[in-house]
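What follows is the residue order along each chain.
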Amino acid sequence: MDIERTAAQWKEEGNKAFKNNQFQKAIDAYTEAIKQDGNDHSFYSNRAICYFNLEKYLECVSDCDDCVKIKSDFTKALRRKGLAQIQMLKFDDAIYTYKQAL
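For clarity, every value in this text was computed on a predicted model and none was experimentally measured.

Calculation criteria
One numbering rule holds for all chains: residues counted from 1, following each sequence as written. Local features in this predicted model are restricted to residues whose pLDDT is 70 or higher, and side-chain atom pairs enter the listing and the counts only when it is 80 or higher, whereas totals over whole chains, interfaces and linings include all residues. Computation of side-chain values covers all heavy atoms of the structure but excludes hydrogens and water. Only buried Ala, Val, Leu, Ile, Met, Phe, Trp, Tyr and Cys residues count toward a nonpolar core, and they belong to the same one when joined by side-chain atoms within 4.5 Å. Buried means the residue's accessible area, taken with a 1.4 Å probe over protein chains only, is under 20% of the maximum for its type, while exposed means over 50%, and partly exposed covers the values in between. Secondary structure elements follow DSSP: runs of H or I no shorter than four residues count as helices, runs of E no shorter than two count as strands, and numbering proceeds from the N terminus. We call two residues in contact when some of their heavy atoms are within 4.5 Å. Patch building starts from residues that exceed 30% relative accessible area and form no salt bridge, then joins like charges within 9 Å and nonpolar side chains (Val, Leu, Ile, Met, Phe, Trp, Tyr) within 5 Å. Each accessible area value is a Shrake-Rupley result obtained with a 1.4 Å probe; residue values ignore everything except the protein chains displayed when judging cover. By salt bridge we mean one thing: a side-chain nitrogen of Lys or Arg within 4 Å of a carboxyl oxygen of Asp or Glu. Within 6.5 Å between ring centres, the rings of Phe, Tyr and Trp (the latter by its six-membered ring) count as paired, and their orientation is classed by plane angle as stacked under 30 degrees, edge-to-face over 60, tilted in between. In this analysis the charged atom, NZ for Lys or CZ for Arg, is taken to sit over a ring once it is within 6 Å of the ring centre and within 35 degrees of the ring normal. In what follows, a disulfide is any cysteine sulfur pair within 2.5 Å.

**Q** Pulling in residues and values, what's your account of the nonpolar core?
**A** Of all hydrophobic cores here, the largest spans 28 residues; its most connected members are Cys50, Phe52, Cys60, Ala77 and Ala84. Secondary-structure elements contributing two or more residues to this core are α1 (7-19), α2 (23-36), α3 (41-53), α4 (57-70) and α5 (75-87). Once residues lying within four places of it in the same chain are set aside, the contact partners of Cys60 are Ala48, Tyr51, Phe52, Arg80 and Ala84.

See below:
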């Protein structure tokens, strides 16, 4: 991959791939963005929804957790985490996550 791109450029590439339902390509781009700037919550949030769409729910939950560590009031990540937990049939965990979002 092109190491001269900025984190923002990687994010834009990920966004384009996501819009084209190229979720693995988007994950790869967001991962590169995270390597350059691990303090931007949106990179984790965007990658999480890609993992969700690929039914990689554990990875989705992990990225949502990382996102919320950076930006604790980012409820979109908590909603995504709850959805992933529901897909994993972890209903009690999902309830707890949704209560956090409130």
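Having seen the structure, we can now continue with the description.
**Q** If you had to explain a nonpolar patch on the surface to someone new, which residues and values would you point to?
**A** A contiguous nonpolar patch, built from Leu83, Ile86, Leu89 and Phe91 and spanning about 380 Å² of accessible area, is present on the exposed surface. One can find Phe91 in helix α6 (residues 91-101).

**Q** Break down the packing of aromatic side chains for me, with residues and values.
**A** Inspection of the entire model under this criterion finds two aromatic pairs. Here Phe52 and Tyr57 contribute two aromatic rings whose centre-to-centre distance is 5.3 Å and whose plane-to-plane angle is 65 degrees, an arrangement assigned as edge-to-face. On the accessibility criterion, Phe52 (19% relative accessible area) is buried. Of note, Arg5 hangs over the ring of Trp10, and the distance from its end group to the ring centre comes to 4.6 Å.

**Q** So, the pattern of salt bridges: which residues are in play, and what are the values?
**A** The final tally for this structure, using the stated rule, is six salt bridges. Of the charged contacts in the structure, one is a salt bridge between Glu13 and Arg5, with a shortest N-O distance of 1.8 Å. Judged by its relative accessible area of 23%, Glu13 falls in the partly exposed class. Residue Arg5 is classed as partly exposed on the basis of its relative accessible area, which comes to 27%. Put simply, Asp66 and Lys69 hold a salt bridge, and the shortest N to O gap is 3.7 Å. With Asp66 and Lys69 both in helix α4, this residue pair falls three residues apart, about one helical turn. Among the residues examined, Asp66 registers a relative accessible area of 23% and is labelled partly exposed. Judged by relative accessible area, which is 67%, Lys69 ranks as exposed.

**Q** For the state of the cysteines, give the residues involved together with the corresponding values.
**A** Counted under the stated rule, the structure contains zero disulfides. Note on Cys50: no disulfide assigned, nearest cysteine sulfur contributed by Cys60 at a separation of 9.7 Å. A relative accessible area of 0% places Cys50 in the buried class. In this model Cys60 remains outside any disulfide bridge; the closest cysteine sulfur is found in Cys64, 4.1 Å from its own.

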